[in-house]
Amino acid sequence: VQLQASGGGLVQAGGSLRLSCAVSGRAFSGYGMAWFRQAPGKEREFVAGIGGRDTYYANSVKGRFTISRDNAKNTVYLQMNSLKPEDTAVYYCAARGGNLVAATGSAYDYWGQGTLVTVSS
């Protein structure tokens, strides 16, 4: 299974970006998917996850970010609105079996390469 994240870039505060994570391999619909991020000098943190039709969000992004998936395209998305400078980080997508979501990175079996999001003030 390979994950390819894309969609990062430079955006002004208050702007929007949509990240995509394309997943190769079979049985994508059976994977729990998540987005994590890591800012410079900080630990990696959970951002959002989707398992089946259930979605989960970190408090810091709730109401601003939306995670979704298209099983026909083997892709998971992260729509990010009302971006803040503190959202600046490398964003990683991750997958785990059982269509389950966890907030700890060690629970995930597969990781994408990361895509950089920079929010200017």
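Refer to the structure above for everything that follows.
Here the structure is a predicted model, which means the values were calculated and not measured.

Caption draft 1: Just the side chain of R96, in detail. Among the secondary structure elements, R96 is positioned in strand β9 (residues 89-96). The side chain of R96 is buried and forms no salt bridge, while D109, the nearest opposite charge, is found at 5.8 Å. Among the polar contacts made by the side chain of R96, one reaches the main-chain carbonyl oxygen of A107 at a distance of 3.4 Å. When near neighbours in sequence (up to four residues on either side) are disregarded, R96 contacts G30, Y31, G32, V101, A102, A107, Y108 and D109.

Caption draft 2: Representation of the packing of aromatic side chains within the structure. The full count for this structure, using the stated rule, is 5 aromatic pairs. Judged by centre distance (6.2 Å) and plane angle (70°), the ring pair of Y31 and Y110 falls under edge-to-face. Taken together, the residues Y31 in the loop between β3 (17-23) and β4 (32-38) and Y110 in strand β10 (residues 110-111) connect sequence positions 79 residues apart. For Y31, a relative accessible area of 12% translates into the label buried. With 6.2 Å between their ring centres and 70° between their planes, Y108 and W111 make a pair best called edge-to-face. Judged by its relative accessible area of 6%, Y108 falls in the buried class. An aromatic cluster of three or more residues is present, and its members are F36, F46, Y108 and W111. Between the NZ or CZ atom of R69 and the centre of the ring of F28, over which it lies, the distance is 4.6 Å. Its guanidinium or amino end placed over the ring of Y108, R96 lies 5.9 Å from that ring's centre, counting from NZ or CZ.

What counts and how
- Along each chain, residue indices are assigned from 1 in the same order as the chain's sequence is written.
- Residues qualify for local features only when their pLDDT is at least 70, as the model is predicted, and side-chain atom pairs are given and counted only at 80 or more; totals for whole chains, interfaces and linings, by contrast, use all residues.
- Computation of side-chain values: all heavy atoms of the structure, hydrogens and water removed.
- Secondary structure is summarised from DSSP: a helix means a run of H or I of at least four residues, a strand means a run of E of at least two, and numbering begins at the N terminus for each.
- The rule is simple: take the accessible area with a 1.4 Å probe, protein chains only, and divide by the maximum for that residue type; under 20% is buried, over 50% is exposed, in between is partly exposed.
- Counted charges follow a simple rule, with Lys and Arg positive, Asp and Glu negative, and His plus the chain ends left uncounted.
- Salt bridges, as used here, are contacts in which a Lys or Arg side-chain nitrogen is within 4 Å of a carboxyl oxygen on Asp or Glu.
- Pairing of N or O atoms within 3.5 Å defines a polar contact, subject to two protein rules: one partner must be a possible hydrogen donor and the other a possible acceptor, and residues neighboring in sequence count only if both atoms are side-chain atoms.
- By the convention used here, residues are in contact when the closest approach between their heavy atoms is within 4.5 Å.
- Note on aromatic pairs: the rings of Phe, Tyr and Trp (six-membered ring only in Trp) are paired at centre separations within 6.5 Å, and the planes decide the class, stacked below 30 degrees, edge-to-face beyond 60, tilted for the rest.
- By definition, being over a ring means that NZ of Lys or CZ of Arg is both within 6 Å of the ring centre and within 35 degrees of the ring normal.

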